[in-house]
Amino acid sequence: MAQFPLAVNVQGDYGYKVIVVEDENTIEEVIQVAVDQIVGVLVAPFPEGTTLRAKVHGAREPLESSLTVADAKFIQMEALQIYAES
């Protein structure tokens, strides 16, 4: 496993933050790392039971939660948006 930096924007934040994950982490785990570092510090907590999704900046469709960083073939510092599914 290798460390992999990503730029993430969590819904409600003003900009992108760099997080470091493992290349074998799933998108679900990436979301959790971002939430652990940002929610409650820079953005208000989401309501209980909120489902969060991630997509590559500019993409229309969310990433599959079970997809790994390595399998997604991200480049270092890939920009991801994390948002509440409606």
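Look up a bit, the structure's there.
Model, not experiment: these values are computed from the prediction. (Residues numbered from 1 in each chain as written. Predicted model: local features only at pLDDT ≥ 70, side-chain atom pairs only at ≥ 80, totals over all residues. Heavy atoms only, no water.)

Engineer: I'd love a proper account of the environment of proline 47, names of residues and values included.
Structural biologist: Here proline 47 lies in the loop between α1 (27-38) and β3 (52-56). Taking the C-alpha atoms as reference, proline 47 lies 24 Å from valine 18; in sequence the two are 29 residues apart. (Helix = DSSP H or I, 4+ residues; strand = E, 2+ residues; numbered from the N terminus.)

Engineer: Before we move on, can you summarise the sheet that holds β3 with the specific residues and values?
Structural biologist: With respect to topology, four strands assemble into an open sheet ordered β2-β1-β4-β3, the strand pairing being mixed. Two strands close off the open sheet at either side, each with one partner strand: β2 (17-22) and β3. Geometrically, the sheet is characterised by an average inter-axis angle of 40° between neighbouring strands, direction not taken into account. Along the sheet face, α1 touches β1 (3-10), β2, β3 and β4 (78-84) and points at about 135° away from the line of β2. (Pairing = 2+ DSSP bridges. Axes fitted to C-alpha atoms, helices over the stretch in contact; angles between N-to-C directions. Contact = heavy atoms within 4.5 Å.)

Engineer: I'd like a rundown of the packing of aromatic side chains, residues and numbers included.
Structural biologist: What the rule picks out here adds up to zero aromatic pairs. The ring of tyrosine 14 has lysine 17 lying over it, and the distance from NZ or CZ to the ring centre is 3.9 Å. Over the face of the ring belonging to tyrosine 83 we find lysine 55, whose NZ or CZ atom lies 5.4 Å from the ring centre. (Phe/Tyr/Trp six-rings, centres within 6.5 Å; stacked < 30°, edge-to-face > 60°. Lys NZ or Arg CZ within 6 Å of the ring centre and 35° of its normal.)

Engineer: How would you summarise α1 if you had to cite specific residues and measurements?
Structural biologist: Between its first and last C-alpha atoms α1 spans 16 Å; for 12 residues at 1.5 Å apiece the expected length is 16 Å, and the two agree. Ile27, Val30, Ile31, Ala34, Val35 and Ile38 are the residues of α1 that are buried. Buried residues of α1, seen end-on, are gathered within an arc of 135° and therefore sit on one face of the element. Exposed side of α1, more than 90 degrees from the buried face: Glu28 and Asp36 are the residues found there. Within two residues after α1, glycine 40 carries a phi angle of roughly 90°, on the positive side. (Expected span 1.5 Å × (residues − 1). Buried < 20%, exposed > 50% of the residue type's maximum accessible area, 1.4 Å probe, protein only. Arc of directions from axis to C-beta.)

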